[in-house]
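If you want the building blocks of each chain, they are given just below.
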Amino acid sequence: MNFTAQKDGVFPGVCSLDCPDQCGLLLHKQDGKIVKIEGDPNHPVTKGNICNKVRNMTARIYDEKRLAYPLKRVGPKGSGQFARISWEEAIETITTRWRKLIDIDGPTSILPYSFYGNMGRINVEGMDRRFFHRMGASLLDRTICNSAGGVGYNYTMGGAFGTDPEDTVHSKLFIMWGINTVSTNMHQVVLAEQARKNGAQIVVIDVHKNQTGRWADWFIPILPGTDSALALGLMHVLFAENLVDEAFLQKYTVGHEELRAHIVQYDPATVSTITGVPVDSIYRLARMYGETSPSFIRIGNGIQHHDNGGMCVRTIACLPALTGQWLLKGGGAIKGNKGFLEHNKQAVQRPDLLQNKQTRMINMNELGKALLDADPPVRSLFVYTSNPAIVAPDGNRVREGLAREDLFTVVHDLFLTETARYADIVLPATSSYENMDFYTSYWHHYIQLQQPVMEPYHESKSNTELFRLLAKGMGYHEQEFQDTDEQMIRQALHENRNPYMDGISFEALVENHYRKANIAGYFEGKMATPSGKIELYSQLMADRGYPPLPTYVPLPDDGPFPYLFVPGPNHNFLNSTFSNNAKHIKLEKTPRLHMNADDASKTGIVDGDMVRVWNDRGECELMVSVGDNVLPGVVVSQGLWADSPQSKHFVNALTPDRIADMGGGATFFSGRVDVEKR
Ligand SMILES: Nc1nc2c(c(=O)[nH]1)N[C@H]1C(S)=C(S)[C@@H](COP(=O)(O)OP(=O)(O)OC[C@H]3O[C@@H](n4cnc5c(=O)[nH]c(N)nc54)[C@H](O)[C@@H]3O)O[C@H]1N2
Ligand SMILES: Nc1nc2c(c(=O)[nH]1)N[C@H]1C(S)=C(S)[C@@H](COP(=O)(O)OP(=O)(O)OC[C@H]3O[C@@H](n4cnc5c(=O)[nH]c(N)nc54)[C@H](O)[C@@H]3O)O[C@H]1N2
Ligand code: SF4
Ligand SMILES: [Mo]
């Protein structure tokens, strides 16, 4: 069916944002324009509810600032002075420059940089991958989001597999651990509310009493980066008070005897000193967890944006096994569920095109370093579906790199983002409602299809279309650069080795665009770990130089600054997306720095003061909220705001680009700062 040709009507859609909920949408069209976006009541999990951000999405897709044409830079880098050019000139300029660079410096002098501003599988990890593999460009390790925790979880559980969120209506205890669920996973809140009506308790463990903490039955404040100690303290009590499920441990785990001996050192008094959680709270939580079934832990991203984040998630992931929760409907945990919906990535991304090429891997969390110090140097940067000048750590170094006059930078986006301001060539991107793609949630178990609903906005092009054009310009004439979007989706679903996706084909998705992974038999005790069991003791970790048992590792020293700084995302933006849309800025009002009243009174800061937050990496300015929603010694901000000379809201000026313990992960929340009245 051709939806774009129909001027009026209501069409099915998928939210393409990097959000676990991946809602089903209804797109209302009038006169060829989308005039309203609402939730699709037929979506089995999201059931017609969507967030305010996307309810206001039309303000973004028709924002007068949206890019309509290709541009070339006509002023100094970063000044935002551009002139309109044609697509022909844009492609010609880029490919001519790249051919020269490849001749002189080799293809690894070119670095692609992208993330998941659109979760469409063929647009954001499809044709682009084929293109850069064929070229032999530097590879990007895409580790900015959840990779430390992902690797940590895998050591325990063997893969990104967890509880079916639909089953959590049966849970009797929810532990929201380092996740701001009310803002970042709203349908988990809806499901928990249903369970709450049947008596379920909701516990939130966080460094900030934000909207999620306020919603909890019991909020437990904790010092940043200490959660693995708390989890070990819970294990201590569970073993000591015989609240563990011995039969489950025997049958489905390895290392429970070693663990039992190991956790003796993590007695509640010791754990309390580390975490700031009172001894009686540790006992109470452990007993609650040991005595309530089914219990469910939602493991968030907050705990793993720390230097010790991988080990922290690995440790928390052991808890459900201790009390045998995996056998119960609604019991267990979710860190991420993407394993159930893996498609045929080989066919889509074609890593075989890299064969016999000498390339190198650059960790995206070290973009500043890569642009300033890489040897051999990066001479050209191609940014798409991401906004590193705002979202990447140690942001001043990133911007210093982007400002290099000799760096040839191309940015493909819907807006002239802070990153695009540094570009030599800017290319306009379509929104996901203008493209065909398929979407696989990392929380619920549904794969969804988006068919284009509106014509491309002015001269904008999708990622797949752009890379087809670039391939042509580079003289890559092979078939894989001519495949259509539909062909690529078919390839993604064809000969897929993932048994949970059996029977899900392109036709099936066209017929019914919500298809559930066939998860029957997930927990039959055969894990994808080396031992085939849940690994409380991991020989693989020992072989790789980690402690093989769950362990608390303190955060490293980050300089002589009094506060740990936790700059997370906010409610009305999605990372930096929406930070340039007036409607969403108005909803979010102003960025705040939350500070404990004791700290404020010691420094003479009062509520509403503008403060300078600084360390040896940079500074930013925020308005203080004084109160008791953070512990002393901790300051928290929310939102990745765009900045300008008038509003210095650039929180990533302060964050470290150190690499976490596992998966090359980011350490956004392990930096220290000082705060002074401006
Ligand atoms: N509204 C909205 N939704 C979003 C996003 C957004 O920007 N806005 N971003 C999307 C993306 S890409 C992601 S990855 C997810 C992220 O969403 P979440 O998984 O919720 O992760 P964060 O919001 O980064 O952090 C969650 C919580 O961890 C807390 N925290 C920080 N450090 C610690 C710690 O050491 N211990 C404990 N216990 N808590 C800690 C923070 O205060 C925060 O409340 O949300 C997605 N959804
Ligand atoms: N301080 C701090 N920094 C953080 C975090 C934090 O909690 N604190 N969170 C981190 C996390 S978890 C993440 S995931 C990253 C996210 O970082 P990014 O992935 O960079 O996310 P966004 O800031 O949303 O930027 C996405 C961009 O993609 C563009 N876009 C959308 N659709 C398309 C498309 O189809 N094609 C193209 N070419 N462009 C498109 C949007 O307009 C937007 O400018 O940020 C990280 N940075
Ligand atoms: S951002 Fe998340 S909650 Fe909002 S519509 Fe998209 S998927 Fe749903
Ligand atoms: Mo993320």
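Residues numbered from 1 in each chain as written. Chains lettered and ligands numbered in written order. Predicted model: local features only at pLDDT ≥ 70, side-chain atom pairs only at ≥ 80, totals over all residues. Heavy atoms only, no water.

Examining the pairing of strand β18 (residues 437-440)
Two faces make up the sheet, and in a regular strand the side chains alternate between them. To keep it simple, the criterion reads: For every residue, the accessible area obtained with a 1.4 Å probe (protein chains only) is divided by the maximum for its type, and the residue is called buried under 20%, exposed over 50%, and partly exposed between those limits. A run of DSSP states H or I qualifies as a helix once it reaches four residues; a run of E qualifies as a strand once it reaches two. Both are numbered from the N-terminal end. At least two bridges found by DSSP between two strands are what make those strands a pair.
Burial of β18 is two-sided: the residues D437 and Y439 facing one way and the residues F438 and T440 facing the other way are all buried. Sheet analysis places β18 next to strand β19 (residues 446-450), joined by four bridges and oriented antiparallel. Bridge pairing links Y439 to Q448 in β19. Counting the residues in the hairpin turn of β18 and β19 gives five residues.

Brief notes about the site of ligand 3
Definition in use: A molecule or strand has a residue near it when one of that residue's heavy atoms lies within 4 Å. Charged means Asp, Glu, Lys or Arg here, nonpolar means Ala, Val, Leu, Ile, Met, Phe, Trp, Tyr, Cys or Pro, and polar covers whatever is left, Gly included.
All residues adjacent to ligand 3 are C15, L17, C19, D21, Q22, C23, I50, C51, K53, V54 and M186. Along the lines of polarity and charge, the residues of the shell around ligand 3 split into eight nonpolar, one polar and two charged.

Overview of the UniProt feature "domain: 4Fe-4S Mo/W bis-MGD-type" (unreviewed entry) in the protein
Put simply, the rule reads: UniProt positions are given in the numbering used here, feature names are shortened, and annotations may be inferred rather than shown by experiment.
Per the UniProt record, "domain: 4Fe-4S Mo/W bis-MGD-type" (unreviewed entry) is found at residues 8-65. With 16% helix and 34% strand, residues 8-65 has its two end C-alpha atoms placed 25 Å apart.

Here's the deal with the packing of aromatic side chains
Remark: the centre distance and the inter-plane angle together describe each pair of aromatic rings, the angle taken between the planes. Put simply, the test is: In this analysis, rings of Phe, Tyr and Trp, with Trp reduced to its six-membered ring, are considered paired at centre separations within 6.5 Å, and the interplanar angle assigns stacked below 30 degrees, edge-to-face beyond 60, and tilted for intermediate values. We count a charge as sitting over a ring when the NZ of a lysine or the CZ of an arginine lies within 6 Å of the ring centre and within 35 degrees of the ring normal.
Under the counting rule described, the total for this entry stands at 28 aromatic pairs. Pairing F382 with F467 gives two aromatic rings, centres 5.5 Å apart and planes at 55°, and the pair type is tilted. You can see F382 sitting in strand β15 (residues 380-384) and its partner F467 sitting in helix α21 (residues 463-474), a full 85 residues away along the chain. Aromatic ring contacts, followed pair by pair, group W98, F131, F132, F382, Y384, F467, Y476 and F481 into a single cluster. Here the guanidinium or amino end of R284 rests over the ring plane of W218, the centre of that ring lying 3.7 Å away. A cation sits over an aromatic face here: K461 above W87, 5.2 Å from the ring centre.

Quick notes on helix α5 (residues 127-135)
Within α5, eight of the nine residues are buried, leaving the element largely enclosed by the surrounding structure. Within α5 the residues assigned to the buried category are M127, D128, R129, R130, F131, F132, H133 and M135. After α5 finishes, the residue G136 shows a positive phi value of roughly 85°.

Examining the sheet that holds β15
Short version of the rule: Axes here refer to lines fitted to C-alpha atoms; in helices the fit is confined to the stretch in contact. Angles between the N-to-C directions go from 0 to 180 degrees. Residues are treated as being in contact if the distance between any of their heavy atoms lies within 4.5 Å.
If you walk across this open sheet you meet the six strands as β5-β4-β17-β16-β15-β6, and the pairing is mixed. Each edge of the open sheet is held by one strand with a lone partner, namely β5 (82-84) and β6 (110-114). Neighbour-to-neighbour, the strand axes of this sheet turn through a mean angle of 20°, independent of strand direction. When strand β16 (residues 408-413) meets strand β17 (residues 425-428), the two strands line up parallel, connected through four bridges. When the bridges of β17 are listed, D413 appears paired with P428. Sitting on the sheet, helix α3 (residues 87-105) touches β4 (71-73), β6, β15, β16 and β17, and the angle it makes with β17 is about 130°.

With respect to the domain arrangement of the protein
As a reminder, the rule being used: Domain delimitation follows an automatic or database domain assignment. As a working definition, buried area equals the accessible area (1.4 Å probe) given up by two parts on being put together, with both sides summed. We define a salt bridge as a contact between a side-chain nitrogen of Lys or Arg and a carboxyl oxygen of Asp or Glu at a distance within 4 Å. A 3.5 Å cut-off defines polar contacts: any pair of N or O atoms within that distance qualifies, except that in protein one atom must be a possible hydrogen donor and the other a possible acceptor, and neighbouring residues in sequence count only when both atoms are side-chain atoms.
Domain parsing of the protein yields domain 1 (9-61), domain 2 (71-142 + 345-412 + 456-496), domain 3 (163-335 + 523-543) and domain 4 (563-677). The C-alpha centroid of domain 3 is placed 33 Å from the C-alpha centroid of domain 1. Carbon and sulfur atoms make up 55% of the surface buried where domain 1 meets domain 3, a total of about 700 Å² over both sides. Summed over the shared surface of domain 1 and domain 3, the number is zero salt bridges. Applying the counting criterion to the domain 1 and domain 3 interface returns five residue pairs in polar contact (both at pLDDT 80 or more). When the residues that make up the side of domain 1 that touches domain 3 are grouped by side-chain class, the tally is seven nonpolar, two polar and two charged.

Considering the nonpolar core
Our working definition: Throughout this description, the term nonpolar core refers to a set of buried Ala, Val, Leu, Ile, Met, Phe, Trp, Tyr and Cys residues connected via side-chain atoms within 4.5 Å.
Grouped together as the largest cluster of nonpolar side chains are 159 residues, with contacts concentrated most on W98, F131, F132, W177, L319, F382 and V675. Broken down by element, this core gets its largest block of residues, nine residues, from helix α10 (residues 227-240). Residue contacts for F131: discarding those within four places in its chain leaves W98, F467, L470, A471, M474, Y476 and F481. Among the nonpolar cores identified, the runner-up in size contains 22 residues, and I34, C51, V453 and L574 belong to it.

Quick look at the environment of S538
When you line up the elements, S538 lands in the loop between β21 (534-535) and α24 (539-543). Overall, the relative accessible area of 0% leaves S538 in the buried class. C-alpha of S538 to C-alpha of L549: the two residues are eleven residues apart in sequence and 6.6 Å apart in space.

Examining the pairing of strand β23 (residues 592-596)
Of all five residues making up β23, four are buried, and the element is well covered by its neighbours. In terms of strand pairing, β23 meets strand β26 (residues 634-638) through three bridges, oriented antiparallel. Along β26, the bridge assignment pairs H594 with V636.

Things to note about the packing of α10 against helix α14 (residues 279-291)
Which entries qualify depends on this criterion: When describing relative orientation, an angle under 35 degrees is termed roughly parallel and one over 145 degrees roughly antiparallel, while 65 to 115 degrees is termed roughly perpendicular and anything else oblique. Each crossing is labelled by how the near helix is turned from the far one, with a counterclockwise turn of less than a right angle marking it left-handed and a clockwise turn marking it right-handed.
Contact pair α10 / α14: the axes reach a minimum separation of 9 Å and the direction vectors enclose 65°. On the basis of the axis angle, α10 is roughly perpendicular to α14. Here α10 and α14 pass one another in a crossing that is right-handed. Between α10 and α14, the contacting residues are L230, G233, L234, V237 and L238 on the first element and I282, Y283, L285, A286, Y289 and G290 on the second. Looking at side-chain class alone, the contact of α10 with α14 contains nine nonpolar, two polar and no charged residues.

Side note on the site of ligand 2
Short version of the rule: In short, Shrake-Rupley with a 1.4 Å probe defines the accessible areas, and a residue's cover is counted only from the protein chains shown.
Inspection of the region around ligand 2 gives 33 residues, with S386, D413, P567, S576 and T577 positioned closest. A distance of 2.9 Å separates a nitrogen atom of ligand 2 from a polar backbone atom of H412. When ligand 2 is considered free in solution it has 920 Å² of accessible area, and contact with the protein chains removes 96% of it. Secondary-structure elements contributing two or more residues to the shell around ligand 2 are β16 and β22 (563-568). When its residues are assigned to classes, the shell around ligand 2 shows 14 nonpolar, 16 polar and three charged. Mapping the shell around ligand 2 onto the domain boundaries places at least three of its residues in each of domain 2 (71-142 + 345-412 + 456-496) and domain 4 (563-677).

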